[in-house]
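Coordinate analysis (summary)
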Amino acid sequence: MIKVNAVKRALALLTKNLWIFLLSMVLANIAGEMYITMLPLYLKSLNANVLQVGLFFTIAQIVPLVLQIIGGWISDNLGRLRSIAIGSSLGVFSYIGLILAPTWQWVLAGHGLQSITRALVGPSFGAFIAEETAEENRARVFGVTDVIYTVVTVIGPPLGGWLADTVGFKFMLLVAGILYSAATVIRILLARHASKTGGAEAQPQKLTAHGLRTSIWAIGGLVFSGGLLTWMLVTDGARDIAYSMSFKLIPLYLEEIGGLSYQDIGWLSSIWYGYSRTSAMRIGWLADKKVYN
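What counts and how
- Position numbers for residues count from 1 along each chain, tracking the sequence in the order it is written.
- In view of the model being predicted, local features appear only for residues whose pLDDT reaches at least 70, and side-chain atom pairs are presented and counted only at 80 or more, with totals across whole chains, interfaces and linings using the full set of residues.
- Hydrogens are left out, water is left out, and the side-chain values use all remaining heavy atoms of the structure.
- Fitting a line to C-alpha atoms yields each axis, with helices limited to the stretch in contact; the angle taken between N-to-C directions then spans 0 to 180 degrees.
- The numbering of helices and of strands both runs from the N terminus, where a helix is a DSSP run of H or I of at least 4 residues and a strand a run of E of at least 2.
- An angle below 35 degrees is read as roughly parallel, one above 145 as roughly antiparallel, one from 65 to 115 as roughly perpendicular, and any other as oblique.
- The handedness criterion is simple: a crossing whose near helix is rotated anticlockwise from the far helix by less than a right angle is left-handed, and one whose near helix is rotated clockwise is right-handed.
- Under the grouping applied here, Gly and all other residues not named as nonpolar or charged are polar, the nonpolar ones being Ala, Val, Leu, Ile, Met, Phe, Trp, Tyr, Cys and Pro and the charged ones Asp, Glu, Lys and Arg.
- Salt bridges are identified by distance alone: a Lys or Arg side-chain nitrogen within 4 Å of an Asp or Glu carboxyl oxygen.
- Nine residue types can take part in a nonpolar core, namely buried Ala, Val, Leu, Ile, Met, Phe, Trp, Tyr and Cys, and a core is a set of them joined through side-chain atoms within 4.5 Å.
- Using a 1.4 Å probe on the protein chains alone, a residue whose accessible area is under 20% of its type maximum counts as buried, one over 50% counts as exposed, and one in between counts as partly exposed.
- A residue's pLDDT is the confidence the predictor assigns to it, expressed on a 0 to 100 scale.
- By this rule, a helix spans an expected 1.5 Å times one less than how many residues it contains.

Taken N-terminus to C-terminus, the directions of helix α4 (residues 80-100) and helix α5 (residues 104-131) make an angle of 155°; their axes are 8 Å apart at the nearest point. As summarised for this structure, α4 and α5 are arranged roughly antiparallel, according to the angle between their axes. Regarding α4 and α5, the two cross each other, and that crossing is left-handed. Each residue belonging to the contact of α4 with α5 can be placed in one class, and the counts come to 15 nonpolar, 10 polar and two charged.

Right under this line is the structure:
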């Protein structure tokens, strides 16, 4: 087990900005885990069959392929926190769409806005943490932040399952939307503060079509060059395909075949996520030790 003193030293590496930033990420992702774990069951409640649920997630996976590159380009030009704030603002509207959706097809529209949000927030999350830490401690800080993020995956699914089971999907989504809105307010305040203190956030670059083309060509060259990045993307892509083929439908399987309630499914997801992430801090410590010692 990791010693208490080692944990305290690792936590001491987090700056005030990182603590506030992580608070917003925890709130936002608790909301996300609440609904994403229950999403297949929500679609079923709106009369979607298994084939339609699979189609839903197939379409939902296509959109981020293009948007992730654009999101990273926007983050590089406008700044990490500004990009996160813009993406989060769009995310609030996605929850409104999810709550008001009368059919599963309309849920796809709300979920599509979530894809835009993830494209803007996702690349900026790791980049901001990297910029806020010294190189020799970076992997350790990522390990700590991943452990903190584990709170999201432990709390979100059972909370979502309990609310869906007791008061229904719509109310569960409303609670998730409120949590996400609170996170959005924190992110906007962080971005405004950063824009007044100098650095990249205070000097955003103009977004141009030429800049986007240059960025796409540069990324394309790295992806298809046949080097380390190419093979990382190939192996990670294969893992994601296998993951999507099974994991997205597991809640339906657990309900229909396993006979589990929404609460049971939420707790099972919580246990699985928590177990898979508990080694993150030790891995971060090992990465720093191997590279810098």
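Now that the structure has been shown, the text picks up again.
Turning our eyes to something else, we now look at the pattern of salt bridges. Using the criterion set out here, one finds two salt bridges in the structure. Lys-44 is paired through a salt bridge with Glu-255; the nearest N and O atoms lie 2.9 Å apart. Residue Lys-44 is located in helix α2 (residues 16-45), and its partner Glu-255 is located in helix α10 (residues 250-256); the two are separated by 211 residues in the primary sequence. Across the pair Lys-44 and Glu-256 runs a salt bridge, and its minimum N-O distance is 3.2 Å. Residue Lys-44 is found in helix α2, and its partner Glu-256 is found in helix α10; the two are separated by 212 residues along the sequence.

Moving on, we come to the nonpolar core. Ranked by internal contacts, the top residues of the largest apolar core, which has 53 residues, are Phe-21, Met-38, Leu-39, Leu-43, Val-107, Phe-169 and Met-172. The element that contributes the greatest number of residues to this core is α2, accounting for 15 residues.

All right, on to the confidence of the model for the protein then. Confidence in the prediction of the protein, expressed as mean pLDDT, is 78, and 72% of residues score 70 or more. When mean pLDDT is compared element by element in the protein, helix α7 (residues 169-195) scores highest at 92, while helix α12 (residues 280-292) scores lowest at 56.

Here we come to α4. Along its 21 residues, α4 runs 31 Å from first to last C-alpha, staying within 8% of the 30 Å computed at 1.5 Å per residue. Every buried residue belonging to α4 is among Arg-80, Leu-81, Ser-83, Ile-84, Ala-85, Gly-87, Ser-88, Gly-91, Ser-94, Tyr-95 and Leu-98, and all of these are buried.

Moving on, we come to unusual backbone geometry. The residue Asn-47 is not glycine, and still its phi comes out positive at about 70°. Mapped onto the elements of the fold, Asn-47 is located in the loop between α2 and α3 (50-78).

As a further point, take the environment of Leu-98. In this structure, Leu-98 sits in helix α4. Of the residues examined, Leu-98 reaches a relative accessible area of 0% and is grouped as buried. When the C-alpha positions of Leu-98 and Leu-39 are compared, they lie 10.0 Å apart, and in sequence the two are 59 residues distant.

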